[in-house]
Amino acid sequence: MKHVTLNNELKMPQLGFGVWQVEEDQAVTAVLNALEVGYRSIDTAAIYKNERGVGEALRKTDLPREELFITTKVWNSDQGYDNTLKAFDESLEKLGIDYVDLYLIHWPTPEFDEYVDTYKAMEKLYKDGKVKAIGVCNFDIDHLQRLLDECDVKPVLNQVECHPYLSQNDLKTFCKEHDIYVEAWSPLMQGGDVLGNKTVQQIAKAHEKTPAQVIIRWHLQNDSIVIPKSVTPSRIKENFDVFDFELTAEEMKHMDELDRGERKGPEPKEMNKR
């Protein structure tokens, strides 16, 4: 497992396990399977409604807490300074742990204009030692710039939809300039068309790997953090088995050329659901 060093010197596994759309009862088994395979970073969120399941898996594993990296997120309806502090306490109770490694704003919801106050509450949690790092999800460049201008603690990462059909190159450039990592959600396009792409399949054949493994490798070699999700034990293992090969510079170039700005999720500036 390769680790990245975030801008506050915290080390984070570059490959993690996501539990979006995993039912609470399934989350226990899925997370335990992932930990057994070798994952040490688990990504959940209040809105996923599976924090208790993740917490149960953490209690059942023999792995020490300090070897694990746990991420959760504050949902849109809980934004604002006081609401965020309350929401965090609820997440911590559900997870059954003493601290969270990474706490994120799930969406900027610009229509309600609360993300700065939300982030300032997260700064308090960080300064109080309740979280080891803070960051954001689905923030465009203008949202990030406002945090940089108005807040004290730089986000360590921005978790956004990213896959070969949505490379997020401008956002990646901005984040790199400001020492903010990009973390890819929906890294396999939710099992979408990209897995059947001719270029991806040709590269997979050349390396005797699956298209999913090639795409995860592309993310890793682009210095992104990546969190594929699955509840199928064989796929959980397959998605982790990506450290014994490398894509060539030419293969990376061909993968980069697949970008067509195609989203599976909403545009951040338009996502104001609470």
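What this report covers is the structure whose coordinates are included nearby. (Residues numbered from 1 in each chain as written. Predicted model: local features only at pLDDT ≥ 70, side-chain atom pairs only at ≥ 80, totals over all residues. Heavy atoms only, no water.)

Topic: the packing of aromatic side chains
Centre distance and the angle of the planes are the two values used to describe a pair of aromatic rings.
Phase 1: All chains considered together, the criterion is met by six aromatic pairs.
Phase 2: Pairing Tyr115 with Phe139 gives two aromatic rings, centres 5.3 Å apart and planes at 75 degrees, and the pair type is edge-to-face. Residue Tyr115 is located in helix H4 (residues 115-127), and its partner Phe139 is located in the loop between strand S7 (131-137) and helix H5 (141-150); the two are separated by 24 residues in the primary sequence. Like Phe139, Tyr115 is buried.
Phase 3: Members of the aromatic cluster, joined through ring pairs, are Phe17, Tyr39, Phe240 and Phe243.
Phase 4: Here the basic side chain of Arg65 rests over the ring of Tyr99, its NZ or CZ set 4.0 Å away from the ring centre. (Phe/Tyr/Trp six-rings, centres within 6.5 Å; stacked < 30°, edge-to-face > 60°. Helix = DSSP H or I, 4+ residues; strand = E, 2+ residues; numbered from the N terminus. Buried < 20%, exposed > 50% of the residue type's maximum accessible area, 1.4 Å probe, protein only. Lys NZ or Arg CZ within 6 Å of the ring centre and 35° of its normal.)

Re the pairing of S7
Phase 1: Most of S7 sits inside the fold, with six of its seven residues counted as buried.
Phase 2: When strand S6 (residues 100-105) meets S7, the two strands line up parallel, connected through five bridges. Following the sheet pairing, Ile105 is matched in S7 by Val136.
Phase 3: For the segment spanning S6, H4 and S7, crossover handedness is right-handed.
Phase 4: Crossover connection from S7 via H5 to parallel strand S8 (residues 157-161): handedness right-handed. (Pairing = 2+ DSSP bridges. Right-handed = clockwise from strand over helix to strand, strands pointing away.)

By themselves these figures say nothing about function.
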